[in-house]
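Descriptive structure summary
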Amino acid sequence: MKLKRLYVDIDGVVFDSRSFIDGHTLHISKEELEAVAGDKAFSTVELFVAAPGTRCRILNMGDIVQPTLKLEDEDATFPGVVGRMKTAGRGTSLMLRNVVISETAEVKIQLPSLVEMTELGAAHTDFAKYFHIVIDAFPAEGVPREDYLTALHKASKKLAKHVAAIAKDCAPDDTEEFTLEREGLDGLPRVAYLADVFCHAPFVEMTLYGESMAAAMPVIIHPNEILDGAVTNKDYDNSSNADPTYVWQNHPIILELYRRHGVDLNFAGVVLSNIHHTVEWKQRNATMAAAMIHNQLRADGCIITKEGGGHPQVDVGFATDVLEGEFGVRTTLILAEFLSPNNDARGQLLFKSKYADAIVSTGCFDMVDLPAADTAIGHIPTLMPTKDGTLAGPVTINNRSMQGCESQMGWTRFGSLKF
Amino acid sequence: MITREFEKAGIPIVQWCNMTPVAESIGVNRLMESKSIKYPFGNPDVPPEQEKLERVQMLKKALTRLTQP
Amino acid sequence: MAEKLRVVHYINQFFGQLGGEDAASTGIRTETKPVGPGLSLQAALGERAEIVATIICGDNYIAEQLEKVTDEIVEIIRGYNPDMFFAGPAFNAGRYGVACGSICAAVKKKLAIPAVTAMYAENPGKEIYATDIFILKAGDNARKMADETRKMAQFAYKLHDGTLERDPEKEGFYERGWMVLKKHEDMASKRAVDMLLDKLHGRPFKTEIPMPTEEKVDAPAPIKDLSAATVALITDGALCPQGNPDGMRTGNSTTFFVYSVEGKDTLTKEEYTCVHGGFDTSFVLQDPNRLVPLDALRILSGEGFVKMHEAFLSTSGLTTPVTSSVSIAKGMIDYVRSHSIDAAILTST
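Conventions we followed
Residues numbered from 1 in each chain as written. Chains lettered and ligands numbered in written order. Predicted model: local features only at pLDDT ≥ 70, side-chain atom pairs only at ≥ 80, totals over all residues. Heavy atoms only, no water. Helix = DSSP H or I, 4+ residues; strand = E, 2+ residues; numbered from the N terminus. Buried < 20%, exposed > 50% of the residue type's maximum accessible area, 1.4 Å probe, protein only. Contact = heavy atoms within 4.5 Å. Areas by Shrake-Rupley, 256 points an atom, 1.4 Å probe, with all protein chains shown as cover. Buried area = accessible area lost by both parts, 1.4 Å probe. Salt bridge = Lys/Arg side-chain N within 4 Å of Asp/Glu carboxyl O. Polar contact = N/O pair within 3.5 Å; in protein donor to acceptor, adjacent residues only side chain to side chain. Nonpolar A, V, L, I, M, F, W, Y, C, P; charged D, E, K, R; others polar. Pairing = 2+ DSSP bridges. Patch = residues over 30% accessible without salt bridge, like charges linked within 9 Å, V, L, I, M, F, W, Y side chains within 5 Å. Axes fitted to C-alpha atoms, helices over the stretch in contact; angles between N-to-C directions. Disulfide = S-S within 2.5 Å. Domains from an automatic or database assignment. Parallel < 35°, antiparallel > 145°, perpendicular 65-115°, else oblique. Left-handed = near helix turned anticlockwise from the far one by under 90°.

Chain B goes by Selenoprotein B, glycine/betaine/sarcosine/D-proline reductase family in an unreviewed UniProt entry, where it is assigned to Sporobacter termitidis DSM 10068.

An unreviewed UniProt entry annotates chain A as Glycine reductase of Sporobacter termitidis DSM 10068.

Spelled out as structure tokens, the structure:
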């Protein structure tokens, strides 16, 4: 499996009468794009552009997607979601960098997240450094919440594909190739990646080729499939507990393992495993995933990440115990520290494993004072009330509400220090 | 945490819960596993009268555990 | 010349020269000058600060009503309008260490001034309060008083001036046990791959989140005769009367509530609700006995199988900080002991 990605870099996004790219400025026709994003579940859909370094706040975030298009088979872009079923991760994909398609949800969300486009926002997440083409769609009268969110989830992928297509005639600024086949792998330690995903309830889930893993046993998947749109995020209600599709498309661990493939390690492969809510299922999935990593991927070491909240740590603990204890596969975990509201070091871990002696943190709690923004995109207010009652008003929020800040898949520079 | 403090204080206590691995990680001695996080002492799959009888049996088991080391 | 910083100092009856154990029940006394170790502390503070008051209190007097007496003492301290507060050093004296910790924590919270104490590593006060306040490392005997007060004075000045480094080793305080947000050069993904390779190659590495080491607690002695034992039901699933009259929190709790079940054979859905924010409560809302099995306990008590306490204890266990869990548990234990309860069944979600 070989995947080639062509990148066109964007440094400006403006509305125009038609869609084209001039130099590195992306011109988009509002009417044209709104039509692409439209759905019978929406009464209205409007697009907004949020530029980095501006005092703009995008509220109630849904998914964030990088524009991408399968060049040789456009119909198969985001297979199972808006594209027809086809194995992702091969051929050539055209992607735009520095611009993303974002969703703002116009329904209440249990644990919402936002992106603050200011410098302060950028200090917390790279999402504040990109141009956002934001889909602001309202549910049509009588449309159930599920239908609205499903349509919104699809709209961003339709638009991601459409916007990437605007760059078809551009010369790419950069390219990357991803293939596991190469020379010089002998003697290098085989390293696998186990991604524990959290499909817990409708809209607190992700999709693999369009389907939730809510009832699934673990699967072995080629890293290229993840980089090429086989996985999307569909977690609305626990928004900042799961990484957006953008992070799957630029999976930090997969990219890191690829960078070092043939250098100081041999990238053995990836397993996706769902986190269930009963102990029986947790043990079943963790055990099966561990066996796949040992038997089929023949890994010497494994990185493990999770999504979701507290009890998913139990799954990580089980997998660690089986991998290390039964199969001799060494592990390193990545965990966010949010179980302890006052950051007490004793309260961060819900599991105990004598093998879990290598854990990387993606950060702990911090309250962030956001000054008033000039504009707010979206209409659902933040959970913490703003000081003046307006959507763009000054507000003190939990850093975890800033989407991307403490990415549980490791897409962050944050960590913590024990003192 | 509550269970651990009770045990440190020498008061016999049985923890009846579903996420037993969490309690195990804290080191609870008298730990018993419930069928579900959503109905610890219950069974919604049977009629109420039967559920009550089952609950009495579950509680009896938990109480009996107090008499064991 | 700038005005001297005002300092208040707390010591116990022994260091206050009122006597030993025999004077442990002495109430709160105030002197408007340094007393006992305060003299050494004043010398260490030099010209920049002045001890304007010393509060002396018996270790038993405060231990028996910790919260109440702490609050009273804080108000006395407030009256002196201090810039800094010191308690102890408590060395290895347990009740003294707990008192120092309690008062420093309250002073820090209510008066927002540097509040410094010092004690020996094994002092129970350290275990309880190290997350709330800075506690300086001290020896276990008063021979080194001059050293200890010197360290306390220097430390307090650093706190006051904002020059303290968050380095327990360097600055001489016990690890606070908190995690603090830090931005690394490298992404977490890279740090993880680096750490794994170190582990695979047998190179030394340092975990960013240490696995806590809990000492094993022995199981309490079993009940010999259940029919003679009084059992209470406890839950951290946040069951409470409809309307949540006491304002039980859905999570991040600091306290628990006691709900009488006298005359009740069952818990009805009309009378009770569940406010826990972390699990699907629909089944418990249909039948609260599924969380707190009162109907079953009433039956078993009627049969003489066990005796029952006529109330259940309830709180929410969702994201409750460790120190709160411990203090809630201690409160429950006090209740259990003062109500002749022999054992408990805790229903946890």
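From this point, the narrative continues.
Okay, the overall build of chain B next. The number of helices and strands found in chain B is three helices and two strands. Counting from the amino terminus, helix and strand elements in chain B follow one another as α-β-α-β-α. Taken along the three principal axes of its C-alpha coordinates, chain B extends 40 × 25 × 15 Å. The proportion of buried residues among the 69 residues of chain B is 61%. Within chain B, contacts between residues separated by at least 24 positions form 29% of all contacts whose residues are at least 6 apart in sequence. Surface summary for chain B: the accessible area is close to 2800 Å², and the carbon and sulfur share equals 51%.

Further remarks concern the interface of chain C and chain B. Accessible area lost upon the coming together of the parts is a frequently used measure of interface size. Listed as interface residues are 47 residues of chain C and, on the opposing side, 41 residues of chain B. For the pair chain C and chain B, the summed buried area comes to about 4100 Å², and 71% of that belongs to carbon and sulfur atoms. On the chain C side of the interface with chain B, the three residues burying the most area are P220(C), R290(C) and L346(C), jointly 16% of the side's total. Our enumeration of links across chain C and chain B arrives at four salt bridges. Note that D287(C) and R55(B) form a salt bridge whose closest N and O atoms lie 3.2 Å from each other. Our count for the contact surface shared by chain C and chain B stands at 16 residue pairs in polar contact (both at pLDDT 80 or more). Within the residue set of the side of chain C that touches chain B, elements represented by two or more residues are β8 (230–235), α9 (282–286), α10 (294–302), α11 (322–338) and β13 (343–347) of chain C. For the side of chain C that touches chain B, the element with the highest residue contribution is α11(C), accounting for nine residues. Looking at the side of chain C that touches chain B, its residues break down into 30 nonpolar, six polar and 11 charged. By the bridge criterion, four bridges tie strand β1 (residues 13–17) of chain B to β13(C) in an arrangement that is parallel. When the sheet's bridge partners are listed, W16(B) is paired in β13(C) with T347(C).

Turning to a nonpolar patch on the surface, a few remarks are in order. All names here are of chain A. A cluster of nonpolar side chains, namely L111, M367, L383 and M384, defines an oily patch on the protein surface of about 380 Å² accessible area. Following the sequence through the fold, M367 ends up in strand β23 (residues 367–370). According to the relative accessible area criterion, M367 is partly exposed, its value standing at 48%.

A few words now on the side chain of N343(A). Structurally, the position occupied by N343(A) is in the loop between β21 (330–335) and β22 (359–361). Classification of N343(A) by relative accessible area gives buried; the value is 9%. The contacts of N343(A), once residues within four sequence positions are left out, are E337(A), Q348(A), C364(A), F365(A), G177(C), W178(C) and M179(C).

Residues and elements named next belong to chain C. The six strands are arranged β2-β3-β1-β4-β5-β6 in an open sheet whose pairing can be described as mixed. Of all the strands in the sheet, just β2 (29–31) and β6 (135–137) have a single pairing partner and so form its edges. The sheet shows a mean angle of 25 degrees between the axes of neighbouring strands, direction not considered. In terms of strand pairing, strand β1 (residues 5–12) meets strand β4 (residues 84–91) through four bridges, oriented parallel.

What follows covers the interface of chain C and chain A. Opposite the 46 residues of chain C that make contact, chain A presents 57 residues. Across the interface of chain C and chain A, roughly 4600 Å² is buried in total on both sides, 65% from carbon and sulfur atoms. Of all residues in chain C, M179(C), L181(C) and I209(C) give up the largest surface area on contact with chain A, accounting jointly for 17% of the area buried on that side. Two residues, K199(C) and E324(A), come together in a salt bridge whose shortest N-O distance is 2.8 Å. The interface formed by chain C and chain A contains 26 residue pairs in polar contact (both at pLDDT 80 or more).

Moving on, we come to the state of the cysteines. Residue and element names in this part refer to chain A. Per the counting criterion, the structure on display carries zero disulfides over all chains. Between C302, a cysteine without a disulfide, and C199, which holds the nearest cysteine sulfur, the sulfur-to-sulfur distance is 19 Å. The exposure class of C302 is buried, given its relative accessible area of 0%. Of all cysteine sulfurs, the one in C364 lies closest to C405, which takes part in no disulfide; the gap is 10.0 Å.

Bringing the domain arrangement of chain A into the picture now. All names here are of chain A. Under the domain assignment used here, chain A contains domain 1 (2–174) and domain 2 (179–401). Of note, the centres of domain 1 and domain 2, computed from C-alpha atoms alone, are 23 Å apart. Residue-level contacts link 60 residues of domain 1 with 49 residues of domain 2. Between domain 1 and domain 2, roughly 4500 Å² of surface is buried when both sides are summed, and carbon and sulfur atoms account for 58% of that area. Counting across the interface, domain 1 meets domain 2 through three salt bridges. Note that R55 is salt-bridged to D374, the shortest N-O span being 3.1 Å. Across the domain 1-domain 2 interface, the total number found is 33 residue pairs in polar contact (both at pLDDT 80 or more). Residue contributions to the side of domain 1 that touches domain 2 peak at seven residues, all from helix α3 (residues 145–165).

Turning next to the environment of I133(A). All names here are of chain A. You can see I133 is positioned in strand β12 (residues 131–139). A residue is classified by how much of its surface remains accessible, and I133, at 0% relative accessible area, is buried. As for I133 and A51, which are separated by 82 residues in sequence, their C-alpha atoms are 8.9 Å apart.

At a minimum axis distance of 9 Å, the contact between helix α6 (residues 252–259) of chain A and helix α8 (residues 188–200) of chain C shows a crossing angle of 50 degrees. As judged from the angle between their axes, α6(A) and α8(C) are oblique. The handedness of the crossing between α6(A) and α8(C) comes out as right-handed. Residues P252(A), I253(A), E256(A) and L257(A) of α6(A) form the contact with α8(C), whose participating residues are S189(C), K190(C) and V193(C). A breakdown of the residues in the contact of α6(A) with α8(C) according to their chemical character gives four nonpolar, one polar and two charged.

A pair of packed helices can be characterised by two numbers: the angle between their axes and the separation between those axes. It is the contact of helix α3 (residues 48–65) of chain B with α10(C), at a shortest axis distance of 9 Å, that shows an interaxial angle of 70 degrees. Comparing their axes, α10(C) and α3(B) come out roughly perpendicular. Residue-level contacts link K52(B), R55(B), V56(B), L59(B), K60(B) and L63(B) of α3(B) to D295(C), A296(C), L297(C), I299(C) and L300(C) of α10(C). Split into classes, the residues belonging to the contact of α3(B) with α10(C) amount to seven nonpolar, no polar and four charged.

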